[in-house]
Amino acid sequence: MSDSTVDYDGLIPNNVGLNADPRLRRALESWHPSYLDWWKARGPDGFQENLVYLRTAIGVDAEGWAKFGYVRMPDYRWGILLAPAVEGRTIGFGAHKGEPAWQEVPGEYRALLRRLVTVQGDTEPASVEQQRRLGATAPSLYDLRNLFQVNVEEARHLWAMVYLLQKYFGRDGREEAEELLRRRSGDRDSPRLLGAFNEATPDWLAFFMFTFFTDRDGKMQLHALAQSGFDPLSRTCRFMLTEEAHHMFIGQSGVGRIVEATCAAMNRVGIDDPSDIERVRALGVIDLPTIQKRANLHFSLTLDLFGSEISSNAANAFQSGLKGRYLEDQIDDDHVLAGAIYPVLRLKDGRIVREDVPALSALNMRLRDDYVADAQSGVERWWNRVIARAGIDFRIALPHVAFNRRIGEFAAIEADPAGTLLSAEEWVRRRAEFLPSAEDDRFVAGLMRPVAEPGKFASWIAPPRTGIDNKPGDFEYVKLAG
Ligand code: BYC
């Protein structure tokens, strides 16, 4: 079987030759019931018996891998899919640069590699848990379907990491796979591993912000892992990236459609001052300053996911050849970084200063810089362009990287979105200028009422330009009747 053909006959669709590996097949098949229990208990609340118009991966070639059709979510074919092998692939960076890529786990790096796979794996079910209750308030059937598409694919990404754990890490891998189903987003005793994955996603604005900002961290981290010298991880992440792109589309277009509805409503009644919040809210749309505050929140929470600016873990992962830089194979340098430097923002004597540090220790910072540039261009293209086109004088801006941080250089201080340091008292006094207040959240929550008629949308979000799979505007993306 070629590695681009997916075997659909068994319980677990795959292009990894599961049939030829009975031990692994048994391990995965015995994990499957616990997985389904997890999906039913902690996946989407309700809607499990409804038909949802979903795409399923049926191949891993660049084109035509997706098949659309109505599926009940528990019957979704969660498969194990790796991008095709690249013949003669070598390790592209670090101390092993130029050696053949590993097909088995390099013994000396086993613990580090297992940790990276586990952390990646932990985020996937976490996001499904965070989004669990959103179905009840979907602003349209189109959005409801998009939520479920994201959920089934994040769950497939869990499968992707569980495959690596079970195939390559023996008994500890099996234990980690169980733990991935046991930890729980927001749980006091057994939380998910990374901070942002324990935050609530209480409403649809939060969902779209999450898929814009936090899924974009997923994109950057998956790109870095796709460079891995451990070839099965690289191939797994390369395929995951094809799915991730759609999740970010949902986020960027979702917030873009909210912004569009707000601007259109303001123009309709002739409000040209975006800070006239009460009048804007009275139109049943979300005012732009509240959208800005939500962006401040989600951006800053997501920056924490890059770890500390200066990190020996990141240096080790690079030197070992396990985790590269964003688009490592397109960077024009020696890919070893001995003696190279990189500028990092640091807190020195109560001031934020730029300081050159060894590039190897600054790899988290570098990935974060690439992330900020990517997020910035998304904000301009998808949100600010809509506002400018509507002729409204407002720009959504990303806050300074020192704003609202819990990890790294700026964890101990407070700063406003422009990066001006604030005393603890001033921060408390002015917090609601920068971050959503309880009242802002209550207002958004009050708008969240389900719209279930095909082709209809809640007042606070504009319809999309085109349908999924080119379906017409009134397509029934989720059959609520059964
Ligand atoms: N919260 O050297 P440090 C996605 C820990 S999202 C809690 O500063 P390092 C997705 C860290 O674990 C992408 N703890 O950082 C998106 C370490 O603890 P240990 C997920 C944190 O290790 C949406 C200690 O602090 N993938 O796919 O270089 C929906 C010192 O760490 C946090 C990955 O992240 C935090 N925020 O980097 C669905 C890729 N940050 O080990 C899915 C794999 C740091 O000393 N993970 N710590 O006990 C990694 O590459 C790294 O683990 C991190 C941290 C980049 C996350």
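For the structure, see preceding data.
The present account deals with the structure reproduced in this document.

About the cut-offs
- Residues numbered from 1 in each chain as written.
- Predicted model: local features only at pLDDT ≥ 70, side-chain atom pairs only at ≥ 80, totals over all residues.
- Heavy atoms only, no water.
- Pairing = 2+ DSSP bridges.
- Helix = DSSP H or I, 4+ residues; strand = E, 2+ residues; numbered from the N terminus.
- Contact = heavy atoms within 4.5 Å.
- Axes fitted to C-alpha atoms, helices over the stretch in contact; angles between N-to-C directions.
- Salt bridge = Lys/Arg side-chain N within 4 Å of Asp/Glu carboxyl O.
- Buried < 20%, exposed > 50% of the residue type's maximum accessible area, 1.4 Å probe, protein only.
- Phe/Tyr/Trp six-rings, centres within 6.5 Å; stacked < 30°, edge-to-face > 60°.
- Lys NZ or Arg CZ within 6 Å of the ring centre and 35° of its normal.

Concerning the sheet that holds strand 1 (residues 51-57)
If you trace the three strands from one edge of the open sheet to the other, you get 2-1-7, paired in antiparallel fashion. Of all strands in the sheet, those with a lone pairing partner are strand 2 (66-72) and strand 7 (478-479), marking the two edges. Across two bridges, strand 1 lies against strand 7 in antiparallel orientation. Across the sheet, residue Val52 finds its bridge partner in strand 7, namely Val478. Packed on one face of the sheet, helix 3 (residues 141-168) meets strand 1, strand 2 and strand 7 and runs near 40° to strand 1.

Structural notes on the pattern of salt bridges
Here the structure, examined in full by the defined rule, presents 38 salt bridges. For Glu260, the salt bridge identified is with Arg465, shortest N-O distance 3.7 Å. Linking Glu260 in helix 6 (residues 231-269) with Arg465 in the loop between helix 12 (438-447) and strand 7, this pair joins segments that are 205 residues apart in sequence. Residue classification places Arg465 among the exposed residues on the basis of a relative accessible area of 69%. Across the salt bridge formed by Asp276 and Arg279, the nearest N and O atoms sit 3.2 Å from each other. The class of Asp276 is partly exposed, set by a relative accessible area of 25%. Several salt bridges converge on common partners, so that one network encompasses Arg42, Asp122, Glu129, Arg183 and Arg192.

Concerning the packing of aromatic side chains
Here the structure, examined in full by the defined rule, presents 34 aromatic pairs. Plain terms: the ring middles of Tyr35 and Trp38 are 5.7 Å apart, the flat faces sit at 35° to each other, and that makes the pair tilted. Linking Tyr35 with Trp38, this pair stays in helix 1 (residues 22-42), spanning three residues, or about one helical turn. Between Tyr53 and Phe475, the aromatic rings sit 4.9 Å apart at their centres with planes inclined by 70°, giving edge-to-face as the arrangement. Placement of Tyr53 in strand 1 and of Phe475 in the loop between helix 12 and strand 7 is noted, with a sequence separation of 422 residues between them. Comparing Tyr53 with Phe475 shows no difference in burial state: the two are buried. Positioned over the ring face of Tyr70 is Lys479, at 4.8 Å from the centre of the ring.

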